[in-house]
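# Observations on chain architecture
Here is how the chains run, residue by residue.
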Amino acid sequence: MRLRHVTVDCADPYQLATFWSRLTGWPVSTIDQPGDDEVLVEAPDPVPGLLFVRVAEPRTVKNRVHLDWKPDARSRDAEVDRAVDLGATIHEDHRGPEDRGWVTLRDPEGNEFCIERQ
């Protein structure tokens, strides 16, 4: 088997997919529109896409699974700053001496993700 999508429950799939599209540089599927109940951010093959699915209930507890991102074109700190500019918030800062560590952020709906060092 091959992993096809990482699915994220959310209140507004198109809005959240747009945030993740801007952060990753991956496109929102051309068949998806604002108001859709499912919106796909298409990753380059063979990476699984990010699928955002509307649910009625809000997120209430810590994520049981989250994504760890490793920058490829920018430094960790530059990516953290860019994520915040796009609408993320810093949740926990684990940066240490000599450029070690990571930063845990939350997307606009509160889902946690990490940006690690390059």
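The rules behind the values
- Residues numbered from 1 in each chain as written.
- Predicted model: local features only at pLDDT ≥ 70, side-chain atom pairs only at ≥ 80, totals over all residues.
- Heavy atoms only, no water.
- Pairing = 2+ DSSP bridges.
- Helix = DSSP H or I, 4+ residues; strand = E, 2+ residues; numbered from the N terminus.
- Axes fitted to C-alpha atoms, helices over the stretch in contact; angles between N-to-C directions.
- Contact = heavy atoms within 4.5 Å.
- Salt bridge = Lys/Arg side-chain N within 4 Å of Asp/Glu carboxyl O.
- Buried < 20%, exposed > 50% of the residue type's maximum accessible area, 1.4 Å probe, protein only.
- Core = buried A, V, L, I, M, F, W, Y, C linked by side-chain atoms within 4.5 Å.
- Parallel < 35°, antiparallel > 145°, perpendicular 65-115°, else oblique.
- Left-handed = near helix turned anticlockwise from the far one by under 90°.
- Nonpolar A, V, L, I, M, F, W, Y, C, P; charged D, E, K, R; others polar.

### Topic: the sheet that holds strand β6 (residues 102-106)
Spatially, the 4 strands line up as an open sheet ordered β4-β7-β6-β5, and their pairing is mixed. Looking at the sheet topology across the chains shown, the edges are occupied by β4 (67-69) and β5 (89-93). Across the sheet, the mean angle from the axis of one strand to that of its neighbour is 30 degrees, orientation sign disregarded. Across 4 bridges, β5 lies against β6 in antiparallel orientation. Residue Ile90 lies in a different strand from β6, and its bridge partner there is Leu105. Across the sheet, helix α2 (residues 76-86) lies against β5, β6 and β7 (112-116), angled at about 150 degrees from β7, the strand it touches most.

### Considerations on the pattern of salt bridges
Within this structure, the stated rule accounts for 9 salt bridges. For the salt bridge of Glu112 with Lys62, the shortest nitrogen-to-oxygen distance reads 3.0 Å. Separated by 50 residues along the polypeptide, Glu112 in strand β7 and Lys62 in the loop between β3 (49-54) and β4 bring together distant segments of the chain. Owing to a relative accessible area of 5%, Glu112 belongs among the buried residues under this scheme. A salt bridge links Arg95 to Asp77; the nearest nitrogen and oxygen atoms lie 2.9 Å apart.

### As for the nonpolar core
With 21 residues, the main nonpolar core has Trp20, Val41, Phe52, Ala83, Leu105 and Phe113 as its most contacted residues. Secondary structure elements with two or more residues in this core: β1 (5-10), α1 (13-24), β2 (38-41), β3, α2, β6 and β7. A total of 5 residues in this core trace back to one element, the largest contributor, which is α1.

### A few points about the packing of α1 against α2
In contact at an axis separation of 10 Å, α1 and α2 are set at 155 degrees when each is read in the N-to-C sense. With respect to α2, the element α1 is oriented roughly antiparallel. Taken as a pair, α1 and α2 cross one another with a handedness that is right-handed. Residues Phe19, Arg22 and Leu23 of α1 form the contact with α2, whose own contacting residues are Arg82, Ala83 and Leu86. Within the contact of α1 with α2, the residues separate by chemical class into 4 nonpolar, no polar and 2 charged.

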